Amino acid sequence: MKPRIHPASRSVVFRDRAAGTAFLTRSTAHAPSTVEWEDGKTYPLVDVEVSSASHPFYTGTARIVDSEGRVERFRRRYDR
């Protein structure tokens, strides 16, 4: 890696606002606030709206969309 061109990576807490969960990982994201983690140390806090804890694909609540009907309707409408 070239020196002095990559942002500094540090430990950051990401908090999922929808699920109410948080996880500690390394990131280059800038955070306006801090939080005290389970180990007693203070880390930057980044609030996110969706993570794997609340996304429908990962929670198993995803719905299957009828894509065949949509494609056929598109072809009927714009077929020449």
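Refer to the preceding data block for the structure.
The shown structure was predicted, so the numbers you read here are calculated from the model rather than taken from an experiment.

Asks: Describe in detail the sheet that holds strand 1 (residues 10-16), supporting the description with residues and values.
Replies: Taking strand neighbours across the sheet as the criterion, the 4 strands line up as 2-1-4-3 in an open arrangement whose pairing is mixed. In this open sheet, the two edge strands, each paired with only one partner strand, are strand 2 (21-27) and strand 3 (33-36). Within the sheet, the average angular offset between the axes of one strand and its neighbour, ignoring direction, is 45 degrees. Note: strand 3 against strand 4 (residues 42-48), 4 bridges, orientation antiparallel. Within strand 4, the position partnered with Thr34 by the bridge is Pro44.

Asks: Could you give an account of the pairing of strand 1, naming the residues involved and the relevant values?
Replies: With 7 bridges joining them, strand 1 and strand 2 adopt antiparallel strand pairing. Looking across to strand 2, one finds that Asp16 is bridged to Thr21. If you look at the hairpin formed by strand 1 and strand 2, you'll find 4 residues sitting between the two strands, and Gly20 has a positive phi there, around 75 degrees. Summarising the sheet, strand 1 and strand 4 pair through 4 bridges and their orientation is parallel. Across the sheet, the residue bridging to Arg15 is Asp47, located in strand 4.

Asks: Describe in detail the packing of aromatic side chains, supporting the description with residues and values.
Replies: This structure, assessed with the given rule, holds 1 aromatic pair. Here the aromatic rings of Phe14 and Phe23 are separated by 5.8 Å at their centres, their planes lie at 20 degrees, and the arrangement is stacked.

Asks: Tell me about unusual backbone geometry, residues and numbers included.
Replies: Even without glycine at this site, Arg4 takes up a positive phi of about 65 degrees. Structurally, Arg4 is set in the segment before strand 1.

Rules and cut-offs
- Residues numbered from 1 in each chain as written.
- Predicted model: local features only at pLDDT ≥ 70, side-chain atom pairs only at ≥ 80, totals over all residues.
- Heavy atoms only, no water.
- Pairing = 2+ DSSP bridges.
- Helix = DSSP H or I, 4+ residues; strand = E, 2+ residues; numbered from the N terminus.
- Axes fitted to C-alpha atoms, helices over the stretch in contact; angles between N-to-C directions.
- Phe/Tyr/Trp six-rings, centres within 6.5 Å; stacked < 30°, edge-to-face > 60°.

Keep in mind these values describe shape, not function.
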